[in-house]
Amino acid sequence: MDSIGSKTSVNFIQEIIDNDKKANKYNGRVHLRFPPEPNGYLHIGHAKSICLNFGLAAKNGGLCNLRFDDTNPSKEDMEYIDSIINDVRWLGFNWGDRLFYASDYFEKMYEYAISLIKLGKAYVCDLSPEEIKEYRGSFKEPGKESPYRNRSVEENLDLFRRMQNGEFPDGSRVLRAKIDMSSPNLNMRDPVLYRILRATHPRTGDKWCIYPMYDYAHPLEDYFEGITHSICTLEFEDHRPLYEWVLNTLNLPDPPQQIEFARLNLTNTVMSKRKLRKLVEEGYVSGWDDPRLPTISGLRRRGYTPEAIRNFCDRIGVSKSNSVVDIRFLEHCIREDLNLRAPRVMGVLHPLKLVIVNYPEDIVEEMESENNPEDSAAGTRKIPFSRILYIEQDDFCESPPKKYFRLAPGNEVRLKNAYIIKCEGFIKDEKTGEIKEVHCTYDPESKSGKPGAKRKVKGTLHWVSAAHALEAEVRLYDYLLLDQNEVAEEQGEGKDFINQLNPNSLEVLTNCLVEPSLAGAAPGSRYQFMRKGYFCVDPDSTSDKLIFNRIVSLRDTWDKIRKANKNQKF
RNA sequence: UGGGGCGUAGCCAAGCGGUAAGGCACGGGAAUUUGGAUCCCGCAUUCGAAGGUUCGAAUCCUUCCGCCCCAGCCA
C-alpha cells in the first residue's frame, strides 16, 4: 500500500500549516524557501530539506524560493552556488523566477539596522572578540553589560555609518542588539548583528566591509520574501526567540514563523560539511562527486535517480527526534525504482572460461532475451551464443557446499536464455588451485523457448560469449564507513572518523566482460547486470573503454546463507 | 551547571483518552529461466521508569532517568 508515490502520514509541520490555513493566517498563503549557504556541496541531508520545503509548498498550493544565504564572504564561493543550483534542479525542483540571495538585501538590512539603532535597540560595541566572549558569561553565570551599551543614538548612528564606510579595521567593532545580558538563552545576551569583514563577496565584490550575521539576516530575508513558514534544523531552536525579536522589534507585519525539524543522519557514512571536506581535501576520495559520498553529485555519479532520492526523503518522515536512518533503506529505494525500469543485461565480473564441448565450433546463435521482465514494453534483444563462453567464477565450485545450486562436477544448470548444460570436467592449476576452465555438454533440446527447456534445473547462470563480449572496467562500491561494532573489533574505538573508514569501499575490476549490446552505452545510463546488481555508466567511460559503477547489488539470499554457514562453524 | 529539545520494535515512524498503522531490516513459506522482482505468513500484551487521575492512559498530571543542542565577530 505504502509504496512509491502513495500517502505518507501527515507530519507535524503540515499540521501547523493546516492550522494556519484554517485560521486564515497569512491570508491562507504558504510560502517556503530552501536557504543554503554556498560554502559546500549539497548532500542527501540537504535533499531531505529540499524535498520537505518544495514538497510542502506543492502540496499546499504554495511557493518555494531558492535563496542563497551568502552573508559570510570569507567562506563562500561561486563554485558552490553553481553546484547547488545544478543539484536542486537535478533533484527535480523548480523555483520559477524566485532565485534570491541574501546579498540582494544588504541595503535594506542596513536600513533596518539603522532603525534598530534609532529605536534604541542596537548599539555599536568596541569590545574585542575575546572581551565579548568574556562578557557573555556562561551557562551558570549571567553576562555583564558592555561599557558601550548605553551610547547615545547619535553616537551609534555615527559609528555604524563609519563602520560601513570602512573607517575601522576588521574585528574592531560590531553592531549588537540590546536585549538582555542575563537571559538564560545565551543567544539573547546582546548578540552581534553586524561585523566588519574585508573579504571579497562572490556577488557584491568589495562594495561592503560589514556583513550581517545569520540571526539578524535570516528573519529579514524571510520577511522580505513573504515567507510564511521558515523551516530549519533543530540546532536553531535556541535562536527562535532572536528570530522573533528582530521581526517584532522592527514591528514587521505578518512575521514568518520558524519551525525546526531533525536533520537527516545516515548509517555508514558522514554528513557534516567538515568531514566531507576532509575526505575530499585529504584525498580519501576522488572528489565531491566520488560515488561513495552521500553528496548529491556523488549519488548522481553513482547512478542514484532523483526519483529514488525524493521517494526516500518522503518516506523517512519528519520529526524532532534525533535519528539515524539505516542506509539500507536508501538502497531499498533505488532498487525499487531501478527494478521497474533498468534494462537487464549480462555482464561477468570475474570471468571463468567455459567450453561447451559438444557445441559446434563455427556456429553463433542469436539468443532472444527480454529487456525487462517487469516491463514487457521494453522489448527483447538478441545475444550471441557460441561454443566458448565466460561465466562467473563464483558460479562453479569443485566441491560445492550444501544448497549450492550452481555449476559443479556432474551438475546441470541453465544458461539464461540459452541451453541447459552439464559439467563434465574442469582444468585446474594444481600449483595454485586456480580453476582455469570448465567443460560442459549442452542439451540441444533445451534451448530457451523450446519445449525441451521446460525441465527443472536448480540454477540459472548469466554468461557472455567469448568471441563477442566487450571488455569493461567495473567499480564496486561499498559503505564509506564500517559499522560501529566492526570498528570496535578491528581497531579499538577511534574517536576520529578516519579510522572508521571502510578499507574496501572501492574495488576496481578491470577484466570484466559484458554483452555486446552495451557497446556505446552512454554515460549515466543504468542497467541491471542480471544476478549481480544495478550499474551506471561512469562519465569516465569512453567508446573504447566501458566503465561501470555499481549503484547497488541485488538482494542476495545465497550470500546470506553462505555467511550464515560460515558463522555457524563457531 | 542555566536554557532549549527529544525518548513508541534492531532502524525510521504513525498515534492527539477507547485498548499499538506503515516502511526498512530480520525469520519462515509459495512461486520462479535473475538465489532478483513478486506473493503469503511471522516479528512491541506494551510505548524511557515509577507513581497518580480515569470505567479506560503511549496519549492527562507528578517525580525521576537517559540522550541531543547552545557560551563564533559561522550558518
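So, how was this worked out
Residues numbered from 1 in each chain as written. Chains lettered and ligands numbered in written order. Predicted model: local features only at pLDDT ≥ 70, side-chain atom pairs only at ≥ 80, totals over all residues. Heavy atoms only, no water. Helix = DSSP H or I, 4+ residues; strand = E, 2+ residues; numbered from the N terminus. Rg over C-alpha atoms; globule rule 2.2 N^0.38 Å. Buried < 20%, exposed > 50% of the residue type's maximum accessible area, 1.4 Å probe, protein only. Contact = heavy atoms within 4.5 Å. Areas by Shrake-Rupley, 256 points an atom, 1.4 Å probe, with all protein chains shown as cover. Lys, Arg positive; Asp, Glu negative; His and termini not counted. Charge placed at Lys NZ, Arg CZ, Asp CG, Glu CD. Near = heavy atom within 4 Å. Polar contact = N/O pair within 3.5 Å; in protein donor to acceptor, adjacent residues only side chain to side chain. Nonpolar A, V, L, I, M, F, W, Y, C, P; charged D, E, K, R; others polar. 1 Å grid on protein atoms, 1.4 Å probe; cavity = no way out; pocket = protein on both sides within 12 Å on 5 of 7 lines; lining within 4 Å. Points joined across faces, edges and corners; volume = space filled by probe spheres on them. Expected span 1.5 Å × (residues − 1). Axes fitted to C-alpha atoms, helices over the stretch in contact; angles between N-to-C directions. Parallel < 35°, antiparallel > 145°, perpendicular 65-115°, else oblique. Pairing = 2+ DSSP bridges. Salt bridge = Lys/Arg side-chain N within 4 Å of Asp/Glu carboxyl O.

Caption draft 1: Just the overall build of chain A, in detail. Per the secondary structure count, chain A includes 14 helices and 25 strands. For chain A, whose C-alpha radius of gyration is 31 Å, the value lies well above the compact-globule estimate of 25 Å for 570 residues. Summarising its shape, the C-alpha atoms of chain A cover approximately 100 × 50 × 45 Å along the three principal directions. A total of 570 residues make up chain A; the buried ones form 51% of that total. Restricting the contact set of chain A to residue pairs at least 6 apart, pairs at least 24 apart contribute 70%. Surface accessibility of chain A: about 26,900 Å² in total, with carbon and sulfur atoms responsible for 48%. Taken together, the 81 basic and 86 acidic charged side chains of chain A have centroids lying 4 Å from each other.

Caption draft 2: Representation of the protein's contact with RNA strand B in the model. Close contacts around RNA strand B come from 71 residues, with Ser319, Arg344, Ser448, Gln528 and Arg531 the closest. Taking the atoms of RNA strand B that fall within 4 Å of the protein, sugar and phosphate contribute 63% of them. Asp238 has a polar side-chain atom sitting 2.7 Å from a base nitrogen of RNA strand B. Contact between RNA strand B and Asn417: a base oxygen at 3.1 Å from a main-chain N or O atom of the residue. At the level of secondary structure, the elements contributing two or more residues to the surface near RNA strand B comprise helix H5 (129-136), strand S6 (192-196), helix H12 (327-341) and helix H14 (557-568). Of the residues that constitute the surface near RNA strand B, the class distribution is 25 nonpolar, 19 polar and 27 charged.

Caption draft 3: Spotlight on empty space enclosed by the protein. For the coordinates displayed, the defined rule picks out two cavities of 30 Å³ or more. Counted as a void, the largest cavity has a volume near 170 Å³. Surrounding the largest cavity, 16 residues form its lining, Arg292, Leu299, Arg302, Ile327 and Leu330 being those nearest its centre. Counting residues per element, the ones that place at least two in the lining of the largest cavity are helix H10 (296-302) and H12. For the lining of the largest cavity, the element with the most residues is H12, which contributes three residues. Split into classes, the residues belonging to the lining of the largest cavity amount to 10 nonpolar, two polar and four charged. The space that makes up the second largest cavity amounts to roughly 30 Å³. In terms of lining residues, the second largest cavity is bounded by Met346, Ile383, Pro384, Trp463, Val464, Ser465, His468, Ala469, Glu515 and Pro516. Of all elements in the fold, only strand S14 (380-385) and strand S20 (464-465) reach the threshold of two or more residues within the lining of the second largest cavity.

Caption draft 4: Helix H6 (residues 153-165), seen in detail. Its 13 residues place the ends of H6 18 Å apart at the C-alpha level, agreeing with the 18 Å of an ideal helix rising 1.5 Å per residue. If you check which residues of H6 are buried, you get Asn156, Leu157, Leu159, Phe160 and Met163. Lining the buried residues of H6 we find helix H4 (106-118), strand S4 (122-125), strand S5 (174-177), S6 and strand S7 (210-212).

Caption draft 5: Representation of the packing of helix H2 (residues 44-59) against helix H11 (residues 306-315) in the model. The contact between H2 and H11 brings their axes to 9 Å, and the two run at 70°. As judged from the angle between their axes, H2 and H11 are roughly perpendicular. When H2 is examined against H11, the residues Ile44, Ala47, Lys48 and Cys51 are found in contact with a partner set consisting of Ile309, Arg310, Phe312, Cys313 and Asp314. Of the residues contributing to the contact of H2 with H11, the split by class is six nonpolar, no polar and three charged.

Caption draft 6: Representation of the sheet that holds strand S16 (residues 412-415) in the model. Ordered by their spatial adjacency, seven strands build an open sheet running S19-S16-S17-S18-S12-S15-S20, and the pairing between neighbours is mixed. The open sheet has two edge strands, strand S19 (460-461) and S20, and neither has a second partner. In this sheet, strand S15 (residues 388-392) lies alongside strand S12 (residues 351-356) in antiparallel orientation, the contact comprising five bridges. Following the sheet pairing, Leu352 is matched in S15 by Ile391.

Caption draft 7: Examining the pattern of salt bridges more closely. One pass over the structure, following the stated rule, counts 44 salt bridges. With its nearest N and O atoms 3.4 Å apart, the salt bridge here joins Lys278 to Glu282. For Lys278, a relative accessible area of 23% corresponds to the partly exposed category. We classify Glu282 as partly exposed; its relative accessible area is 46%. Bridged by salt links that share partners, the residues Asp289, Arg301, Glu473, Arg475, Asp538, Asp540 and Lys545 form one connected network.

Caption draft 8: Inspection of the side chain of Arg173 at higher detail. You can see Arg173 is positioned in the loop between H6 and S5. We classify Arg173 as buried; its relative accessible area is 18%.

Caption draft 9: Representation of the side chain of His43. Structurally, the position occupied by His43 is in the loop between strand S1 (31-34) and H2. When near neighbours in sequence (up to four residues on either side) are disregarded, His43 contacts Met271, Leu276, Pro294, Thr295 and Ile296.

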